[in-house]
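Below are the chains, spelled out letter by letter.
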Amino acid sequence: MSQLTHINAAGEAHMVDVSAKAETVREARAEVLVLMQPDTLQMIIEGSHHKGDVFATARIAGIQAAKRTWELIPLCHPLMLSKVEVNLLAEPEHNRVRITSLCRLTGKTGVEMEALTAASVAALTIYDMCKAVQKDIVIDQLRLISKSGGKSGDFQAVSDD
């Protein structure tokens with residue numbers, strides 16, 4: 001296992017200096033599942049929710065969150081993202097929504113945290129919009145699916161499905 005890069009020689013947290021790193025194309029994908037009752041999911045699919053289009057709102061929230069990750073996670077760098085994509089897929093056979101995110105840039109540091117933040121905030125937005133209908137919605141299995149670019153190389157998660 002490699003050393004933690006956000007801890008200095010004195011054991012203190014610090015922001016990593018990426019100024020000497022080469023700029024490369026970097027990409028990360030993340031996903032999360034939002035589990036709910038069939039009636040709640042059906043309401044979202046039909047577009048009959050009184051607060052409006054749940055998926056459109058969650059998508060925008062996820063994109064905005066990726067762009068602001070550096071403000072939320074203390075040691076993240078502000079990044080010039082070239083692409084953020086958030087997709088929401090209703091899976092009625094499992095009573096859930098699968099949210100996937102993609103973040104890409106050409107830069108000196110990775111975009112894993114941005115992809116994870118996009119997916120998680122999209123999920124939280126679904127919860128927020130649906131909590132009046134169902135309070136026991138579960139947000140589950142937030143994970144990095146893949147990453148490419150950078151010194152640490154590529155990563156691909158093992159599929160659960």
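None of these values were measured; they are calculated from a predicted model.

Here is what the cut-offs are and how they apply
- Residues numbered from 1 in each chain as written.
- Predicted model: local features only at pLDDT ≥ 70, side-chain atom pairs only at ≥ 80, totals over all residues.
- Heavy atoms only, no water.
- Pairing = 2+ DSSP bridges.
- Helix = DSSP H or I, 4+ residues; strand = E, 2+ residues; numbered from the N terminus.
- Disulfide = S-S within 2.5 Å.
- Buried < 20%, exposed > 50% of the residue type's maximum accessible area, 1.4 Å probe, protein only.
- Salt bridge = Lys/Arg side-chain N within 4 Å of Asp/Glu carboxyl O.
- Axes fitted to C-alpha atoms, helices over the stretch in contact; angles between N-to-C directions.
- Left-handed = near helix turned anticlockwise from the far one by under 90°.
- Contact = heavy atoms within 4.5 Å.
- Nonpolar A, V, L, I, M, F, W, Y, C, P; charged D, E, K, R; others polar.
- Core = buried A, V, L, I, M, F, W, Y, C linked by side-chain atoms within 4.5 Å.
- UniProt positions renumbered as here; feature names shortened; annotations may be inferred.

**Details of the sheet that holds strand 4 (residues 138–148)**
Phase 1 of the analysis: Reading across from one edge, 2-3-1-4-5 is the order of the five strands in this open sheet, with antiparallel pairing throughout. Taken across any chain shown, the strands that pair with only one partner, and hence form the sheet edges, are strand 2 (83–91) and strand 5 (155–156).

**Quick word on the state of the cysteines**
Phase 1 of the analysis: Tallied over the full model, the rule gives zero disulfides.
Phase 2 of the analysis: With no disulfide of its own, C103 has C76 as its nearest cysteine by sulfur position, at a separation of 11 Å.
Phase 3 of the analysis: When its relative accessible area of 0% is taken as the criterion, C103 is described as buried.

**What about the pattern of salt bridges?**
Phase 1 of the analysis: Per the counting criterion, the structure on display carries nine salt bridges.
Phase 2 of the analysis: A salt bridge links R29 to E27; the nearest nitrogen and oxygen atoms lie 3.6 Å apart.
Phase 3 of the analysis: Owing to a relative accessible area of 18%, E27 belongs among the buried residues under this scheme.
Phase 4 of the analysis: Through salt bridges with shared partners, one network takes in E31, E91, R96, R98 and R143.

**Thoughts on the packing of helix 2 (residues 54–67) against helix 4 (residues 112–130)**
Phase 1 of the analysis: It is at 7 Å that the axes of helix 2 and helix 4 come closest, and there the two elements cross at 145°. In the crossing of helix 2 with helix 4, the sense of the turn from one axis to the other is right-handed. The residues of helix 4 that touch helix 2, namely those facing V54, F55, T57, A58, A61, G62, A65 and A66, are E114, T117, A118, V121, A122, T125, I126, M129 and C130.
Phase 2 of the analysis: In terms of residue class, the contact of helix 2 with helix 4 is made up of twelve nonpolar, four polar and one charged.

**A few points about the side chain of H77**
Phase 1 of the analysis: Residue placement: H77 occurs in the loop between helix 3 (69–72) and strand 2.
Phase 2 of the analysis: You can call H77 buried: its relative accessible area is 15%.
Phase 3 of the analysis: In contact with H77, not counting residues within four places along its chain, are M15, V16, V18, W70, T109 and E114.

**Quick word on the nonpolar core**
Phase 1 of the analysis: Ranked by internal contacts, the top residues of the largest apolar core, which has 32 residues, are V34, M36, L88, V97, I99 and I126.
Phase 2 of the analysis: Secondary structure elements with two or more residues in this core: strand 1 (24–35), helix 1 (38–46), helix 2, strand 2, strand 3 (96–107) and helix 4.
Phase 3 of the analysis: Ranked by residue count, the leading element in this core is helix 4, at nine residues.

**Section: unusual backbone geometry**
Phase 1 of the analysis: Phi is positive for N95, close to 55°, though the residue is something other than glycine.
Phase 2 of the analysis: Within the secondary structure layout, N95 lies in the loop between strand 2 and strand 3.
Phase 3 of the analysis: Note on N95: relative accessible area 27%, which makes it partly exposed.
Phase 4 of the analysis: A positive phi angle is found at Q141, which is not glycine, with a value near 60°.
Phase 5 of the analysis: Relative to the assigned elements, Q141 resides in strand 4.

**Some points on the UniProt feature "active site" (unreviewed entry) in the chain**
Phase 1 of the analysis: On the UniProt side, "active site" (unreviewed entry) is annotated at positions that read D128 here.
Phase 2 of the analysis: Following the sequence through the fold, D128 ends up in helix 4.

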